[in-house]
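Working through the structure, step by step
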Amino acid sequence: MQKMRPVQVLAVTSGKGGVGKTNVSVNLAVALAHSGQQVMLMDADLAMANVDVLLGIHPKLNLAHVMEGTHSLQEIIVQGPAGIHVVPASSGVKKMAELGPRENAGLIHAFSELTLPLDTLVIDTAAGIADSVVSFARAAREVLVVVCDEPASLTDAYAMIKVLSRDHGVDRFHVIANMTHSPSEGRLLYQKLAAVCDRFLDVTLNFLGAVPFDEYLRKAVQRQQPVVEAYNASRAAQSFMQMAERIAKWPRPSGPDGRLEFFVERLVQFTGERVGDSA
């Protein structure tokens, strides 16, 4: 088997639903592909999988088939826009903490056998702080938190950061402000969240960028296309491209944590801990 290049694993999360997290995941993945990276987008919202809806694709197979051991990861991957590789989820998939040893081993094997050239894995997690969200975020190298200008969004984002930092040792987060009405609004949202985190938590927050409220984004959703493809000159598309450029400059992982199967091993280790805690 060919030697795999180091893979940057990004978990895109939000404290609550309705903030446009999946749209951010999809457009960041495509924007990274446009910047020259080989990108995989994994739909890890195991309860309400909708990456396929936003991309207008209709996969026949999904992550459930990999976990059951009936298909390889390579077999379920669907080609998306800009050449991204999409790993579809199923709303019928059991939560990560409910997977048995056989399924866990199958998942590690599936990733270790993947031969696609890959630079970045973007994981679209579920909203909130469910076990599956915590496990994906804890195993990822970088955690991106999507917020919008709603009190509940900031409160729930803080709650999620608190759980990940205090209980699971995640100490670095990148904030994306979505649906902003001005450049200053995005920065202000970040500063509000950072102020609370600085006061009560030992974490580092970085402002990755803001996505403006843009009618072209709504039109792109209706067309089931990423805005960076459908309306690449729009303000929203440009903001995603700028964030992708910043992400592309982040240091690449090195050593064992650059391997995809290392990410999955950490994921499985965490779900095992959760099962042990509840026993």
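Look above for the structure.
The following paragraphs examine the structure supplied in this document. Everything numeric in this text was worked out from a predicted model, so none of it was measured.

**Quick notes on the overall build of the protein chain**
Of regular secondary structure, the protein chain possesses twelve helices and eight strands. Burial statistics for the protein chain: of 279 residues in total, 53% are counted as buried. At a minimum sequence separation of 6, the contacts of the protein chain that also span at least 24 residues come to 79%. Here the protein chain displays about 12,100 Å² of accessible surface, and carbon together with sulfur accounts for 51% of that area.

**Quick notes on the pattern of salt bridges**
For the structure shown, the criterion picks out four salt bridges. With its nearest N and O atoms 2.8 Å apart, the salt bridge here joins Glu142 to Arg172. One end of the pair, Glu142, is in strand β6 (residues 142–147); the other, Arg172, is in strand β7 (residues 172–180), with 30 residues separating them in the sequence. Glu142 sits in the buried class, given a relative accessible area of 5%. Look at Arg172 and you get partly exposed, because its relative accessible area is 34%.

**Observations regarding the nonpolar core**
Nonpolar side chains tend toward joint burial in soluble globular proteins. Counting 39 residues, the largest nonpolar core has Ile84, Leu144, Val227 and Phe240 as the members making the most contacts within it. It is helix α1 (residues 21–34) that provides the largest number of residues to this core, a total of eight residues. Apart from residues no more than four positions distant in its own chain, Phe240 is found in contact with Asn23, Val24, Asn27, Leu28, Ala31, Val211, Leu217, Val227 and Val228. Membership of the second largest hydrophobic core comes to 31 residues, among which are Val7, Ala11, Ala110 and Leu118.

**Here we look at the packing of helix α6 (residues 131–139) against helix α7 (residues 151–168)**
Orientation of α6 relative to α7, taken along the N-to-C sense of each, is 65°, at an axis distance of 11 Å. For the element pair α6 and α7, the recorded crossing hand is right-handed. Within the contact between the two elements, α6 uses Val134, Ala137 and Arg138 and α7 uses Val163, Leu164 and His168. Residue composition of the contact of α6 with α7, grouped by class: four nonpolar, one polar and one charged.

**A closer look at α1**
Between the first and last C-alpha of α1 there are 20 Å, a value that for 14 residues agrees with the 20 Å anticipated at 1.5 Å per step. Counting buried positions along α1 yields 13 of 14 residues, so the element is predominantly enclosed. Downstream of α1 by one or two residues, Gly36 has phi in the positive range, about 105°.

**Things to note about the environment of Leu107**
Relative to the helices and strands, Leu107 resides in helix α5 (residues 101–112). Residue classification places Leu107 among the buried residues on the basis of a relative accessible area of 2%.

**Topic: the packing of α7 against helix α8 (residues 183–200)**
Packed helix pairs are characterised by how far apart their axes lie and by the angle those axes make with each other. Packing of α7 against α8 brings their axes to within 11 Å, and their N-to-C directions diverge by 40°. It follows from the interaxial angle that α7 and α8 lie oblique. The two elements α7 and α8 cross, and the hand of that crossing is right-handed. Facing Leu154, Ala157, Tyr158, Ile161 and Arg166 of α7, the residues of α8 in contact are Leu189, Lys192, Leu193, Val196, Cys197 and Phe200. For the contact of α7 with α8, the per-class residue count stands at nine nonpolar, no polar and two charged.

Rules and cut-offs
Residues numbered from 1 in each chain as written. Predicted model: local features only at pLDDT ≥ 70, side-chain atom pairs only at ≥ 80, totals over all residues. Heavy atoms only, no water. Helix = DSSP H or I, 4+ residues; strand = E, 2+ residues; numbered from the N terminus. Buried < 20%, exposed > 50% of the residue type's maximum accessible area, 1.4 Å probe, protein only. Contact = heavy atoms within 4.5 Å. Areas by Shrake-Rupley, 256 points an atom, 1.4 Å probe, with all protein chains shown as cover. Salt bridge = Lys/Arg side-chain N within 4 Å of Asp/Glu carboxyl O. Core = buried A, V, L, I, M, F, W, Y, C linked by side-chain atoms within 4.5 Å. Axes fitted to C-alpha atoms, helices over the stretch in contact; angles between N-to-C directions. Left-handed = near helix turned anticlockwise from the far one by under 90°. Nonpolar A, V, L, I, M, F, W, Y, C, P; charged D, E, K, R; others polar. Expected span 1.5 Å × (residues − 1). Parallel < 35°, antiparallel > 145°, perpendicular 65-115°, else oblique.

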